[in-house]
Amino acid sequence: MPEHVPSRRDFLARAVSAAALGASGTAELSLVSAFATSRPARAGAAGLIPYGSAVRAGALESDASYRAAIIGNCEMIVAEGEMKWGDIRPTRGEYRFEKADAIIDFARQNRIEVRGHTLAWYGGLPAWTEDISSPAEAERELVDHIRTVVSRYRGVIPSWDVVNEPLVDVPQDATSLRPCVWTRQLGAAYLPIALRTTAAVDPDARLVVNEYDIEFKGARFAAKRKALLQLLRSLREKDVPLHGVGLQAHLFADRAIDRDGLQQFLLQIAELKLDVLVTELDVVDYELPGKISARDALVAEKAREFLLAVSEVVRPKAILTWGLSDRYTWVPIYFKRPDGMPNRPLPLDAELKRKPLFDVIDEFRSKA
Ligand code: G3I
């Protein structure tokens, strides 16, 4: 990753263009901190696949041991929610970057790379987007948002999940897009609009379409792979800028990995000359036995099954888990354990002790 330290002229030009694009920059200081960030050099050290994690700005601020664990273990981080529309655009016309900037500042201070998540998604949208009532208005809001956010972090965030989860859970084909304000107003055009706008603002950024349920055995998962492949191919054929596919990899301990299906998919992705990233790995454990040692072993084994299938075919550009420690995980929001025990989906436990899952990740970082 080339070191990029913006000059003062560079900084001023960007500050001016960001302001012109409508960034309210709620505090000038935070604008300065974001643009003064240099691209870190830690990622990919020693030829290993970079490892990273989703982080929470609030926890980074309030929890020193968590912060130390992120610094000690991650070469890359991604905001779990702070760069989503809901956080950045709480009301129409207002851009708030305090929490996103705090993550960027933390990353800069510790020479950690940041991935961007996410620009065009059906989820995490603030209520006011429901009032968007015409295609022109939808395009204006989407483009303005992407210009403002991506220009603010140009040269700082080298890789963006531009489009997140475009497909329904059981798609017929690439036209089975998830209903949301973007599809309602713009149809399938929202994807090229989002990708082209991102590329225009930051031509060096790697643009990713990020999706889940790609790896399992079963008809609906095969349908998802087929539809996603069709979608990516059609973007390619239209010369839409696109560099990679993100396999979220929210694995379920009781779901089998479809090794052949996944590998066929990845080979076709390689033919399209797209990067593969593992973007949100974790293992949902709500149906696993309560006994901790048995549970942790099964979680690690599931991740091994997945990473082995991937690494036999491609070398992922990064492996990120959706959180580092069981102390902070989305899993209980949807998948609380029936026995009331805490979930254990991540590489460190709630006391920040390493679990077998971390050994598996380390093994594949050097293997692939
Ligand atoms: O911050 C409030 C807190 O004050 C309140 O007490 C609590 C009550 O439920 O809610 C807290 O906010 C929740 C937040 O997670 C906490 O981190 C939100 O309600 C909840 O909607 C939010 O969920 C996030 C979800 O995306 C929706 O944006 C999850 O943290 C986040 O892990 C999840 O991430 C997604 C990826 O973006 C895309 N792939 C799937 C992945 C997991 O669902």
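Residues numbered from 1 in each chain as written. Predicted model: local features only at pLDDT ≥ 70, side-chain atom pairs only at ≥ 80, totals over all residues. Heavy atoms only, no water.

Scanning the protein from terminus to terminus reveals 14 helices and nine strands. Taken across its 368 residues, the protein has 59% of its residues classed as buried. A separation of at least 24 residues holds for 80% of the contacts in the protein among residues at least 6 apart in sequence. Total accessible area on the protein is roughly 14,500 Å²; 54% of this is exposed by carbon and sulfur atoms. (Helix = DSSP H or I, 4+ residues; strand = E, 2+ residues; numbered from the N terminus. Buried < 20%, exposed > 50% of the residue type's maximum accessible area, 1.4 Å probe, protein only. Contact = heavy atoms within 4.5 Å. Areas by Shrake-Rupley, 256 points an atom, 1.4 Å probe, with all protein chains shown as cover.)

This paragraph deals with the site of the ligand. As a structural note, the neighbourhood of the ligand is formed by 13 residues, with Glu80, Lys84, His117, Glu165 and Glu280 the closest of them. At a separation of 2.7 Å, an oxygen atom of the ligand approaches a polar side-chain atom of histidine 117. A distance of 2.9 Å separates an oxygen atom of the ligand from a polar side-chain atom of tryptophan 322. Counted by class, the shell around the ligand contains four nonpolar, four polar and five charged residues. (Near = heavy atom within 4 Å. Polar contact = N/O pair within 3.5 Å; in protein donor to acceptor, adjacent residues only side chain to side chain. Nonpolar A, V, L, I, M, F, W, Y, C, P; charged D, E, K, R; others polar.)

Let's shift gears to the environment of glycine 52. Within the secondary structure, glycine 52 sits in strand E1 (residues 51-55). When near neighbours in sequence (up to four residues on either side) are disregarded, glycine 52 contacts Cys74, Met76, Ile319, Leu320 and Thr321.

Moving on, we get to the environment of leucine 167. Along the chain, leucine 167 falls in the loop between strand E4 (159-164) and helix H8 (181-186). Relative accessible area serves as the criterion here: at 0%, leucine 167 is assigned to the buried category. Sequence-wise, leucine 167 and lysine 224 are 57 residues apart; in three dimensions their C-alpha atoms are separated by 7.6 Å. Once residues lying within four places of it in the same chain are set aside, the contact partners of leucine 167 are Asp173, Ala174, Ser176, Leu177, Arg178, Glu211, Lys224, Ala227, Leu228 and Leu231.

Moving on, we get to the packing of helix H11 (residues 259-271) against helix H12 (residues 292-311). Running from N to C, H11 and H12 point in directions that differ by 40°, and their axes come no closer than 9 Å. Classified by the interaxial angle, the pair formed by H11 and H12 is oblique. Considering the relative orientation of H11 and H12, their crossing is right-handed. The residues of H12 that touch H11, namely those facing Arg259, Leu262, Gln263 and Leu266, are Phe306, Leu308, Ala309 and Val310. Here the residues of the contact of H11 with H12 sort into six nonpolar, one polar and one charged. (Axes fitted to C-alpha atoms, helices over the stretch in contact; angles between N-to-C directions. Parallel < 35°, antiparallel > 145°, perpendicular 65-115°, else oblique. Left-handed = near helix turned anticlockwise from the far one by under 90°.)

Next up on the list: the pairing of strand E2 (residues 76-79). Of the two faces of E2, the one holding Met76 and Val78 and the one holding Ile77 and Ala79 are both buried throughout. Two elements, E1 and E2, share four bridges in a ladder whose sense is parallel. The partner of valine 55 across the bridge, within E2, is alanine 79. Sheet topology places E2 next to strand E3 (residues 113-121); three bridges connect them, and they run parallel. If you follow valine 78 over to E3, its bridge partner there is arginine 115. (Pairing = 2+ DSSP bridges.)

Attention shifts here to the side chain of aspartate 202. Looking at the secondary structure, you find aspartate 202 in the loop between helix H9 (190-201) and strand E5 (206-211). Setting aside residues no more than four positions away along its own chain, aspartate 202 makes contact with Val150, Arg154, Gly155 and Ile157.

Glancing now at H9. Helix length check: H9, at twelve residues, gives a terminal C-alpha distance of 17 Å against a target of 16 Å (1.5 Å per residue), a fit within 8%. Counting buried residues along H9, ten of its twelve residues qualify, which places the element largely inside the surrounding structure. Looking at H9, one finds that the buried residues are Tyr190, Leu191, Pro192, Ile193, Ala194, Leu195, Thr197, Thr198, Ala199 and Val201. (Expected span 1.5 Å × (residues − 1).)

Tracing the backbone shows tryptophan 85 in helix H5 (residues 85-88). Note: C-alpha distance between tryptophan 85 and glycine 124 (39 residues apart in sequence) is 6.2 Å. When neighbours within four sequence positions are excluded, tryptophan 85 is seen to be in contact with Pro90, Thr118, Leu119, Gly124, Leu125, Pro126, Trp128, Thr129, Glu141, Leu142, His145 and Trp182.

What follows covers the packing of H12 against helix H14 (residues 356-367). The contact between H12 and H14 brings their axes to 8 Å, and the two run at 15°. Comparing the axis directions of H12 and H14 gives the class roughly parallel. The interaxial crossing formed by H12 with H14 has right-handed handedness. Contact residues: H12 offers Asp296, Val299, Ala300, Ala303, Arg304, Leu307, Leu308 and Ser311, while H14 offers Pro356, Leu357, Val360, Ile361, Glu363, Phe364 and Lys367.

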